[in-house]
Amino acid sequence: MPLLDKIMLRSALTAAALLLTLGAVLPAAQAAEGSVEPPAQNWTFGGFFGSFDRASAQRGFQVYKEVCSTCHSMHLMSYRDLTGLGFNADEVKAIAAEYKVADTNDAGEPIERTALPSDKFHNPFPNDKAAAAANGGKLPPDLSLMAKARGEGGETDGPNYIYAFLTGFHDAPEGFKVPDGLNYNAYFPGHVTAMPNILGDDAVTYSDGTKATHQQEAWDVVNFLMWTAEPSMEERKYTGVKVVLFLIIFAGLLYSVKRKVWASAH
């Protein structure tokens, strides 16, 4: 066999062996982590023409405000941002007025005042150390960008994971040991999490009359978290559609001009 053929054959065999090795190692590593692929959901914001379900996102804000905000902060969100979700100025002002914020008066003395629409969302704890101390030593993550922080980069990967996580609490399978103070979750890597199941049927009473099942609450809060993570998503997609249409029309015009200019040369 010629030397070149031997080299090519050896390279092919090496590549095949590497692929087989990776095929065995990667699933084993995933199994070791205890990760489970979350089921894909049909989100309205998915796809090139996706948009937010604002009614669901508003209900999700109610779930966050009444349930999630007892532990989780949203440092990047201001109350006035809620106008983008469909709340009017008076509603936003009323929501902000439910909270007190630390401030200083004209004399530089510390005071506590009613929150304004321009203020950031209320933080349930004065600092990170206090938050960790109140939650078994674990700092609850900020939820501002959580829908983008989770997943492998696909637009709906993060929302799919969060929904699966919020609905994935149940009794551990036989033989699986859950340490004291922790909880079993089918979709959390390793299946053991410090966060308890905070949602459940009728955990909130929706102001629009929607039945508050566990799945509905999880669905709504994920819609809200996706909006907080990228409130300009719709504008970005609409701009993308306009750009694509412009490029198609522009390409057609260029082709027509080219045919006309070069018609006499053929």
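The coordinates are above.
Residues numbered from 1 in each chain as written. Predicted model: local features only at pLDDT ≥ 70, side-chain atom pairs only at ≥ 80, totals over all residues. Heavy atoms only, no water.

A. Spotlight on the overall build of the protein chain. Secondary structure assignment for the protein chain yields 8 helices and 4 strands. Along its sequence from the N terminus, the protein chain presents helices and strands in the succession α-α-α-β-β-α-α-α-β-β-α-α. Among the 266 residues that make up the protein chain, the fraction classed as buried is 30%. Pairs at least 24 apart in sequence give 64% of the contacts found in the protein chain among residues at least 6 apart. Entry remark: accessible area of the protein chain is about 16500 Å², with carbon and sulfur atoms responsible for 60%. (Helix = DSSP H or I, 4+ residues; strand = E, 2+ residues; numbered from the N terminus. Buried < 20%, exposed > 50% of the residue type's maximum accessible area, 1.4 Å probe, protein only. Contact = heavy atoms within 4.5 Å. Areas by Shrake-Rupley, 256 points an atom, 1.4 Å probe, with all protein chains shown as cover.)

B. Spotlight on the side chain of glutamate 230. Position of glutamate 230 among the secondary structure elements: in the loop between α7 (214–229) and α8 (233–262). In terms of polar contacts, glutamate 230 uses its side chain to reach the side chain of lysine 148, at 3.0 Å. There is a polar contact of 2.6 Å between the side chain of glutamate 230 and the side chain of arginine 236. (Polar contact = N/O pair within 3.5 Å; in protein donor to acceptor, adjacent residues only side chain to side chain.)

C. Structural context of the nonpolar core. Leu82, Phe121, Leu166 and Phe224 are the most contacted members of the largest nonpolar core, which totals 45 residues. Listed by contribution, the elements that provide at least two residues to this core are α2 (54–66), α3 (89–96), α5 (146–149), α6 (157–166) and α7. Looking at which element gives the most residues to this core, the answer is α7, with 8 residues. (Core = buried A, V, L, I, M, F, W, Y, C linked by side-chain atoms within 4.5 Å.)

D. Inspection of unusual backbone geometry at higher detail. The backbone of histidine 191 sits at a positive phi, close to 70°, despite the residue not being glycine. When you line up the elements, histidine 191 lands in the loop between β3 (183–184) and β4 (192–193). A residue is classified by how much of its surface remains accessible, and histidine 191, at 13% relative accessible area, is buried. Positive phi outside glycine occurs at aspartate 202, with the angle close to 65°. Relative to the helices and strands, aspartate 202 is located in the loop between β4 and α7.

E. Looking closely at the packing of aromatic side chains. One pass over the full model with this rule turns up 19 aromatic pairs. Where phenylalanine 61 meets phenylalanine 121, the ring centres are 6.1 Å apart and the plane angle is 55°; that geometry is what we call tilted. Of this pair, phenylalanine 61 sits in helix α2 while phenylalanine 121 is found in the loop between β2 (110–114) and α4 (128–133), placing the two residues 60 residues apart along the sequence. For the pair shown, phenylalanine 61 and phenylalanine 121 are each scored as buried. An aromatic cluster is defined as three or more aromatic residues linked by ring pairs; in this entry it consists of Phe61, Tyr64, Tyr79, Phe87, Tyr99, Phe121, Phe224 and Trp227. The ring of tyrosine 206 is capped by arginine 59, whose NZ or CZ atom sits 5.7 Å from the centre of that ring. (Phe/Tyr/Trp six-rings, centres within 6.5 Å; stacked < 30°, edge-to-face > 60°. Lys NZ or Arg CZ within 6 Å of the ring centre and 35° of its normal.)

F. Molecular detail of the pairing of β2. As paired strands, strand β1 (residues 100–104) and β2 are joined by 5 bridges and run antiparallel to one another. The partner of threonine 104 across the bridge, within β2, is proline 110. Between the end of β1 and the start of β2, which pair antiparallel, lie 5 residues, with glycine 108 showing a positive phi angle near 80°. (Pairing = 2+ DSSP bridges.)

G. Molecular detail of the packing of α2 against α7. Running from N to C, α2 and α7 cross one another at 100°; their axes reach a closest spacing of 7 Å. With respect to α7, the element α2 is oriented roughly perpendicular. Across from Ser56, Ala57, Arg59, Gly60, Phe61, Val63 and Tyr64 in α2, the residues of α7 making contact are Gln216, Glu217, Trp219, Asp220, Val221, Asn223 and Phe224. (Axes fitted to C-alpha atoms, helices over the stretch in contact; angles between N-to-C directions. Parallel < 35°, antiparallel > 145°, perpendicular 65-115°, else oblique.)

H. Layout of a nonpolar patch on the surface. Taken together, the side chains of Phe48, Phe49, Val244, Leu245 and Ile248 define a hydrophobic patch exposed on the protein surface, amounting to about 540 Å² of accessible area. Note that phenylalanine 49 resides in the loop between α1 (3–33) and α2. (Patch = residues over 30% accessible without salt bridge, like charges linked within 9 Å, V, L, I, M, F, W, Y side chains within 5 Å. Salt bridge = Lys/Arg side-chain N within 4 Å of Asp/Glu carboxyl O.)

I. Layout of the packing of α6 against α7. Where α6 meets α7, the closest approach of the two axes is 9 Å, and the angle between their N-to-C directions is 150°. Accordingly, the angle class assigned to the pair α6 and α7 is roughly antiparallel. Regarding α6 and α7, the two cross each other, and that crossing is right-handed. From α6, Pro159, Ile162, Tyr163 and Leu166 reach across to α7, where they touch His214, Gln215, Ala218, Trp219, Val221, Val222, Leu225 and Met226. Taken together, the residues of the contact of α6 with α7 break down into 10 nonpolar, 2 polar and no charged. (Left-handed = near helix turned anticlockwise from the far one by under 90°. Nonpolar A, V, L, I, M, F, W, Y, C, P; charged D, E, K, R; others polar.)

Honestly, it's all geometry; don't read function into it.
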